Amino acid sequence: DVTGVTVFDQKQGTFSFHPGPIFHNLVVADEINRASPKTQSALLEVMEEGHVTVDGVTHAVPDPFMVVATQNPIEQAGTYQLPEAQLDRFLMMTGLGHPDAESTEQLLMNSARRDRAEMLTPVASEAVVRDMSVIASHVHVDRAIAGYVRRIAERTRELPEVRLGLSTRGCLALIRVARTWAAAAGRAHVQPEDIRVLAPPVLRHRLLLDGHAAFA
């Protein structure tokens with residue numbers, strides 16, 4: 001179970017909780033559309049709530065906590081498409097595509113190495129990530145920027161080609177991403193250009209097109 005299980009210890013006569021893989025700072029869900037609906041639901045619930053409830057007992061996940069998920073865009077047999085409400089819980093969506101020429105050749109030269117995770121080294125501690133999150137949360141968002149995001153959302157809901165427009169959660173995601181983007185650029189305020197640059201990765205999995213528009 002991705003969240004964990006409660007196991008009865010016969011020697012002690014007590015129940016003990018064995019945490020699942022969700023209890024890490026960074027969780028990578030490879031090809032999440034191949035996971036069962038039960039696993040998807042459990043994973044996406046903790047993304048929203050920040051804690052897990054197993055057998056009536058609540059367990060908090062580590063702070064910071066982030067989920068990165070991949071989907072197989074080609075083979076759909078045996079997969080479970082994520083419902084729209086669950087997709088909305090992902091902050092951003094992007095396509096990786098193929099690696100560039102230099103990266104591909106480097107990958108081929110190191111083909112003897114099977115476990116590439118061993119090559120990874122930490123670049124920041126948990127405390128540093130938490131501090132960066134606090135800094136981003138203090139970036140100023142003018143009322144005009146909030147109105148800009150609101151108008152974008154309203155416009156997506158009015159377009160005849162869009163079956164489901166931008167939700168309020170999506171608007172919050174766009175503001176949060178813009179704050180982080182501005183902080184990374186060394187600014188203490190969000191600019192309209194930040195919204196324009198970040199709108200595609202934040203909106204692409206949240207806007208549902210009708211049949212004609214999707215295949216146009």
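Quick caveat, the model's predicted, so the values are computed rather than measured.

**Student:** Lay out the overall build of the chain with the relevant residues and their values.
**Tutor:** From N to C terminus, the chain includes 8 helices and 8 strands. Counting only C-alpha atoms and orienting by the principal axes, one finds that the chain spans roughly 65 × 50 × 40 Å. Here the contacts in the chain between residues at least 6 apart in sequence split such that 67% fall between residues at least 24 apart. Accessible surface, the chain: about 14900 Å² in total, of which carbon and sulfur atoms supply 57%.

**Student:** So, the packing of aromatic side chains: which residues are in play, and what are the values?
**Tutor:** This structure, assessed with the given rule, holds 2 aromatic pairs. Arranged with centres 4.9 Å apart and planes meeting at 55 degrees, the rings of phenylalanine 8 and phenylalanine 15 form a pair that is tilted. Ring centres 5.8 Å apart and planes at 75 degrees place the aromatic pair phenylalanine 17 and phenylalanine 23 in the edge-to-face group. By relative accessible area, which is 23% here, phenylalanine 17 ends up partly exposed.

**Student:** Account for unusual backbone geometry, naming residues and giving values.
**Tutor:** Of note, the bond from aspartate 63 into proline 64 is cis; its omega dihedral lies within 30 degrees of zero at 5 degrees. Along the chain, proline 64 falls in the loop between β5 (57–60) and β6 (66–69). Unlike most non-glycine residues, glutamate 31 shows phi in positive territory, near 50 degrees. Here glutamate 31 shows up in the loop between β3 (26–29) and α1 (37–49).

**Student:** Pulling in residues and values, what's your account of the pairing of strand β4 (residues 51–54)?
**Tutor:** Burial along β4 is one-sided: Val52 and Val54 are buried, while His51 and Thr53, pointing the other way, are not. Inspection of the sheet shows β4 paired to β5 by 4 bridges, in the antiparallel sense. Across the sheet, residue histidine 51 finds its bridge partner in β5, namely alanine 60. Here β4 folds back onto β5, and the loop between the two strands holds 2 residues, one of which, aspartate 55, carries a positive phi near 55 degrees.

**Student:** Requested: an account of the environment of threonine 180, with residues and values cited.
**Tutor:** With respect to the element layout, threonine 180 can be found in helix α6 (residues 168–184). Accessibility expressed as a relative area gives 44% for threonine 180, which makes it partly exposed. Taking C-alpha positions, threonine 180 is 9.9 Å from aspartate 194, a pair spaced 14 residues apart along the chain.

**Student:** Quick one: what's the story with helix α7 (residues 192–203), residue by residue and with numbers?
**Tutor:** Counting along an α-helix, one turn takes 3.6 residues, and residues three or four places apart therefore face a common direction. Spanning 12 residues, α7 covers 16 Å between terminal C-alpha atoms, matching the ideal 16 Å at 1.5 Å per step. Every buried residue of α7 is listed here: Asp194, Ile195, Leu198, Ala199, Pro201, Val202 and Leu203. Contacts made by the buried residues of α7 are with α5 (143–158) and α6.

**Student:** I'd love a proper account of α5, names of residues and values included.
**Tutor:** If you check α5, its first and last C-alpha atoms are 23 Å apart, about what 16 residues at 1.5 Å a residue would give, namely 22 Å. Looking at the packing, one finds that the buried side of α5 touches β7 (162–164), α6 and α7. The N-cap of α5, judged by a side-chain oxygen 2.9 Å from the amide nitrogen of alanine 144 a few residues on, is aspartate 142.

Calculation criteria
- Residues numbered from 1 in each chain as written.
- Predicted model: local features only at pLDDT ≥ 70, side-chain atom pairs only at ≥ 80, totals over all residues.
- Heavy atoms only, no water.
- Helix = DSSP H or I, 4+ residues; strand = E, 2+ residues; numbered from the N terminus.
- Contact = heavy atoms within 4.5 Å.
- Areas by Shrake-Rupley, 256 points an atom, 1.4 Å probe, with all protein chains shown as cover.
- Phe/Tyr/Trp six-rings, centres within 6.5 Å; stacked < 30°, edge-to-face > 60°.
- Buried < 20%, exposed > 50% of the residue type's maximum accessible area, 1.4 Å probe, protein only.
- Pairing = 2+ DSSP bridges.
- Expected span 1.5 Å × (residues − 1).
- Polar contact = N/O pair within 3.5 Å; in protein donor to acceptor, adjacent residues only side chain to side chain.

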